Structures are given as structure tokens and as C-alpha cells.
Amino acid sequence: MATNGVQARPGLERVGDLIDVVLSKVAHADVGPVMRLRRDWHVVAGPLAAVTAPLRLRNGRLTVEVASGAVATKVRYSAEDLVGNAQRVLGRGVVVSSISIRVARAAGKGEERPQ
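What comes next concerns the included structure.

### Overview of the overall build of the chain
Now for step 1: A count of helices and strands for the chain gives 4 helices and 5 strands.
Now for step 2: Every one of the 115 residues in the chain was classed for burial, and the buried ones make up 28%.
Now for step 3: Surface summary for the chain: the accessible area is close to 7,900 Å², and the carbon and sulfur share equals 53%.

### Describing the environment of Ala-70
Now for step 1: Positionally, Ala-70 belongs in helix 4 (residues 69-90).
Now for step 2: Taking the C-alpha atoms as reference, Ala-70 lies 9.7 Å from Val-103; in sequence the two are 33 residues apart.

### Thoughts on the sheet that holds strand 3 (residues 52-58)
Now for step 1: One open sheet accounts for 3 strands, arranged 3-4-5; its pairing is mixed. A single partner strand is all that each edge strand has here, and the edge strands are strand 3 and strand 5 (98-103). Direction aside, the axes of adjacent strands within the sheet are offset by 25 degrees on average.
Now for step 2: Examined bridge by bridge, strand 4 (residues 61-66) and strand 5 share 6 bridges and lie parallel to one another. Residue Arg-61 lies in a different strand from strand 5, and its bridge partner there is Ser-98.
Now for step 3: Here helix 4 sits on the sheet and contacts strand 3, strand 4 and strand 5; the angle it forms with strand 5, its principal contact strand, is near 140 degrees.

### Quick look at the environment of Val-43
Now for step 1: Here Val-43 shows up in helix 3 (residues 41-45).
Now for step 2: By relative accessible area, Val-43 is classed as partly exposed at 49%.
Now for step 3: A C-alpha to C-alpha distance of 8.0 Å links Val-43 and Val-89, two positions 46 residues apart in sequence.
Now for step 4: Aside from chain neighbours lying at most four places away, what touches Val-43 is Asn-85 and Val-89.

### Thoughts on the pairing of strand 3
Now for step 1: Relative to strand 4, strand 3 is paired through 6 bridges, and the arrangement is antiparallel. Note that in strand 4 the partner of Arg-56 across the bridge is Thr-63.

How each quantity is defined
- Residues numbered from 1 in each chain as written.
- Predicted model: local features only at pLDDT ≥ 70, side-chain atom pairs only at ≥ 80, totals over all residues.
- Heavy atoms only, no water.
- Helix = DSSP H or I, 4+ residues; strand = E, 2+ residues; numbered from the N terminus.
- Buried < 20%, exposed > 50% of the residue type's maximum accessible area, 1.4 Å probe, protein only.
- Areas by Shrake-Rupley, 256 points an atom, 1.4 Å probe, with all protein chains shown as cover.
- Pairing = 2+ DSSP bridges.
- Axes fitted to C-alpha atoms, helices over the stretch in contact; angles between N-to-C directions.
- Contact = heavy atoms within 4.5 Å.

Structure (C-alpha cells):
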């Protein structure tokens, strides 16, 4: 089957499908799941995806960066849904049990705003 005009060859895998595997082997073990969450964040967070981003996943706790205190409140109310959606995206073998929230620093305060 052709993807983006490129004919797939039997026995070959797409590079994008291998990135999570490579990153989890050469970097911190939690990098792969976070990369998958970033890729599918719109599925996990729905409309909140525009003003939130997954930062890290450690010991089952997903840290989510939010644009403001008001967004943090929305995330707190949606935490149970976010945990469930993140768990479905990541599948078995990766546990998401809770959410912690980090409010992003405002741009122009002397430090670069994380993206």
C-alpha cells in the first residue's frame, strides 16, 4: 500500500513507528509513552488539547502543562477522563493512574515558555 506516494515494501517498517522504541532504549524509559501521548494528545484531551500538553510520565503520574489557572481547574475536573483516555492510548504495559498539573510560565518573563 502506498503512503504519501511511497510504495511500502514487505518487511520494512515506517520510521515513525520505530521512534518510540528507539527513544525508550536510548533515553529515559518514560520518553516513549510521552511521545505517544503528545502525538495523540487531541484524542486524550479533546478540546483541552489546544491549551494543555503532556510533559512527563513517572510512576503512573502524568504531568500536564496548562496555559493558565483557569485551564488547570478544567483539567482537575476532567482528570478522571484524561487518565482513562491516556491509558487507552498507551495500552497495557504503561500505567497512568493520576494527573499532576503545571501552569506554564508566561512568555516574556525572562524565561522561554516550554512548547
